[in-house]
Amino acid sequence: MDSPQRRKSGLNLPAGMNETSLRLQTFSASASPSSFRSFSISSPRMISSLSSPSSSKSSTCSDRFIPCRSSSRLHTFGLIEKGSPAKEGGNEVYARLLKSELFGSDFASSSPAGLGSPMSPNKNMLRFKTEHSGPNSPFSPSILGQDSGFSSETSTPPKPPRKVPKTPHKVLDAPSLQDDFYLNLVDWSSQNVLAVGLGTCVYLWTASNSKVTKLCDLGPNDSVCGVQWTREGSYISIGTNLGQVQVWDGTQCKRVRTMGGHQTRTGVLAWNSRILSSGSRDRNILHHDLRVSSDYVSKLVGHKSEVCGLKWSHDDRELASGGNDNQLLVWNQHSQQPILKLTEHTAAVKAIAWSPHQSNLLASGGGTADRCIRFWNTTNGHQLNNIDTGSQVCNLSWSKNVNELVSTHGYSQNQIMVWKYPSMAKVATLTGHSLRVLYLATSPDGQTIVTGAGDETLRFWNVFPSVKTPAPVQDTGLWSLGRTYIR
């Protein structure tokens, strides 16, 4: 039953609330529209004595939370009302006043573009329109890369391609650097020392301070045909035109050993952990062991022409050899006969490289008549892929930091190319040498390569990212720009 007091007031008040809890400010009919804002409660957003009848009259509790309209972005919604045909004029005035009270005078005075007439009966009540955010807004389409909405395909922008500087950051003059496809005259040690064979001499260039040291001079009757550092970087082997293989201490600049066995020039050398292998124009491959007194411990016979490519796998289990007979042979560490004969190349195979990222993955490159880079699975001898580069392939080298490789080329473009494996997408094409890029070596940190050509220059390029931070390679290096001399 309603109490007499509640019936008298005409207000349907909840239990525990009396008429004195509310204070209404009345206004005349002639008051301005702003009088709608005079409605108030005795305490803002609070009502007194809203507790149970047994509670104290002084206790208060919250009615509800009214959010701040200014931060709600409600202006992005178009409010479209259905007007009553009988009271169109009155509804329009009332709608404007209601919008003004709810959303502010700016919203009431503006008319959203493209929403049609406010009295159109066929529109949705709420329609979201695209907000043209400012450039500083975190929701700006320019930042998100799209005009509106989010999707799984477009929410993450595509990764930009890695930028590789197009010019070398250092150039060394290398007088008497031979323009001979079958020689291997440049190698970079793990101790950051570059060895270069120039005519009858071998020079060492220390990358940290650009110091040049003359290691040896073979005399007027001989010349340098190949150089190769040990994996530790302390000793260097030298192949000569007379067929000798010499081993030198790179720190002390002293010769440690001289070994024979080849009948003519020794143009390619390869170390594993304890064996030095040498390839010669006499078509043979010799294994040398510095721990024994004999010149060589075994001979591998399989090529029908000069051996010009030679590389041990990273686990020392397999040796790959390439020759001027267009053959690529794979030997294991104990065999006297090749375990694989790969004959798909149609030109000399000098460029050979084992992948440091995948075991039994071998890359090889062919000469002018072939121009292809081929990839092999040496477990079963299957060719995995091949790509025509358009030029003679002189050298191949894998990056140890990322799954990419670099190739150097001769006829006819003399370019340097960086490839992403296994897609074989081109990362960069570098030019600068005027003759065939016959020589290639990689720095110990895996970021810089040095290339040599018959134009008697050595050029240093930053082509690979570091192993820790695969960020774009900067066009700066350890050494200042400019040209200096290797001797």
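From a predicted model like this one, the values you see are computed outputs, not experimental measurements. (Residues numbered from 1 in each chain as written. Predicted model: local features only at pLDDT ≥ 70, side-chain atom pairs only at ≥ 80, totals over all residues. Heavy atoms only, no water.)

(A) Structural view of the overall build of the protein. Along the backbone of the protein there are four helices and 33 strands. Expressed as a percentage of the 487 residues in the protein, the buried residues total 44%. Contacts in the protein between residues far apart in sequence, at least 24 positions, make up 47% of those at least 6 positions apart. For the protein, the accessible area works out to roughly 25,700 Å², and carbon and sulfur atoms hold 51% of it. (Helix = DSSP H or I, 4+ residues; strand = E, 2+ residues; numbered from the N terminus. Buried < 20%, exposed > 50% of the residue type's maximum accessible area, 1.4 Å probe, protein only. Contact = heavy atoms within 4.5 Å. Areas by Shrake-Rupley, 256 points an atom, 1.4 Å probe, with all protein chains shown as cover.)

(B) How the structure looks around the layout of surface pockets. Its volume calculated, the largest pocket comes out at about 1,200 Å³. Contributions of two or more residues to the lining of the largest pocket are made by β6 (186–188), β10 (224–229), β14 (266–271), β18 (307–312), β22 (349–354), β26 (393–398) and β30 (437–442). Partitioning the lining of the largest pocket into residue classes produces 24 nonpolar, 16 polar and five charged. (1 Å grid on protein atoms, 1.4 Å probe; cavity = no way out; pocket = protein on both sides within 12 Å on 5 of 7 lines; lining within 4 Å. Points joined across faces, edges and corners; volume = space filled by probe spheres on them. Nonpolar A, V, L, I, M, F, W, Y, C, P; charged D, E, K, R; others polar.)

(C) Examining the sheet that holds strand β20 (residues 328–332) more closely. Spatial strand order, β18-β19-β20-β21: four strands in an open sheet with antiparallel pairing. This sheet does not close on itself; its edge strands, each paired only once, are β18 and β21 (340–342). Strand-to-strand twist in this sheet, taken as the mean axis angle between neighbours without regard to direction, amounts to 15°. Judged from the three bridges that link them, β20 and β21 form a sheet pairing that is antiparallel. Across the sheet, the residue bridging to Leu329 is Lys341, located in β21. (Pairing = 2+ DSSP bridges. Axes fitted to C-alpha atoms, helices over the stretch in contact; angles between N-to-C directions.)

(D) How the structure looks around the pattern of salt bridges. Following the criterion strictly, the structure yields eleven salt bridges and no others. Two residues, Lys214 and Asp217, come together in a salt bridge whose shortest N-O distance is 3.7 Å. Of the charged contacts, one joins Asp316 and Arg231 as a salt bridge, the two residues approaching to 2.8 Å between their closest N and O atoms. Note that Asp316 is positioned in the loop between β18 and β19 (318–323) and Arg231 in the loop between β10 and β11 (235–240), a separation of 85 residues in sequence. (Salt bridge = Lys/Arg side-chain N within 4 Å of Asp/Glu carboxyl O.)

(E) Representation of the side chain of His409 in the model. Within the fold, His409 resides in strand β27 (residues 404–409). Here the side chain of His409 touches Ser407 through a polar contact of 2.8 Å, side chain to side chain. In this structure, His409 is in contact with Thr389, Ser391, Gln392, Val393, Cys394, Asn414, Gln415, Met417, Arg436 and Val437, ignoring residues within four places of it in sequence. (Polar contact = N/O pair within 3.5 Å; in protein donor to acceptor, adjacent residues only side chain to side chain.)

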